[in-house]
Amino acid sequence: GHIVQRNSFDYNDQAVTYSRPEASQARFDGRYDGFIVSTSNTYDFTLTQTRGDVVLGVDFDDFNDKAGVVFYVSNRQAVTKVPREVGYNIVYTEQILQLQDISTKVVSGTVDENGKFGVEIFGIDQSENGTVEGYFAGEIPTESVGVLRLTGQGYVETGGFFAYRD
């Protein structure tokens, strides 16, 4: 409901709003799905699916009165479908490669009055970097949705996430 219909109405014809809590911290957990697109000829596959687990930590009552956000993607994987012939059929199997986790620098003032946030992200070994942007939804924020973009040597990864408050 709320995320898709941002600045509109939910299924009960109630206005969708965002209100920043006065004093609270929250954890949002969810899933990330994306794609790695090769920007060079060094990879066998030009498009690879990625996935991972998202944790979004938010301090709505940060020390300087502006909410701060920390974003993590763990258990990140690249999944490639590999075709092979079985009789007259082609069967696809998954090849899974474990990728490094994604994190952010802890910064404050990253959530605006509309619930929008944006922070810089990076791979743990610093070989990837990019940004994540998203929104919190709900009068007491219970959902978050966003898009991330990472750049590494020879590829770009783009994807989205949904996360829900614990």
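Quick caveat: nothing in here was measured; it's all calculated off a predicted structure. (Residues numbered from 1 in each chain as written. Predicted model: local features only at pLDDT ≥ 70, side-chain atom pairs only at ≥ 80, totals over all residues. Heavy atoms only, no water.)

1. Some details on the pairing of strand β1 (residues 25-38)
- Where β1 lies against strand β2 (residues 47-59), 13 bridges are found, and the strand directions are antiparallel. If you follow A26 over to β2, its bridge partner there is V58.
- Sheet topology places β1 next to strand β9 (residues 155-165); 11 bridges connect them, and they run antiparallel. Directly across from S38, in β9, lies its bridge partner Y155. (Pairing = 2+ DSSP bridges. Helix = DSSP H or I, 4+ residues; strand = E, 2+ residues; numbered from the N terminus.)

2. Observations concerning the pattern of salt bridges
- Using the criterion set out here, one finds seven salt bridges in the structure.
- Across the pair R31 and D53 runs a salt bridge, and its minimum N-O distance is 2.6 Å. Taken together, the positions of R31 in strand β1 and D53 in strand β2 put the pair 22 residues apart, joining distant regions of the chain.
- When its relative accessible area of 26% is taken as the criterion, D53 is described as partly exposed.
- Residues R51 and E94 are paired through a salt bridge, measuring 3.9 Å at the closest nitrogen-oxygen approach. Of the two residues, R51 is situated in strand β2 and E94 in strand β4 (residues 89-98); the sequence distance between them amounts to 43 residues.
- Since its relative accessible area comes to 40%, E94 is described here as partly exposed.
- Beyond isolated ion pairs, a larger network of salt bridges with shared partners links R27, D29 and D166. (Salt bridge = Lys/Arg side-chain N within 4 Å of Asp/Glu carboxyl O. Buried < 20%, exposed > 50% of the residue type's maximum accessible area, 1.4 Å probe, protein only.)

By themselves, these are just geometric observations and shouldn't be taken as functional.
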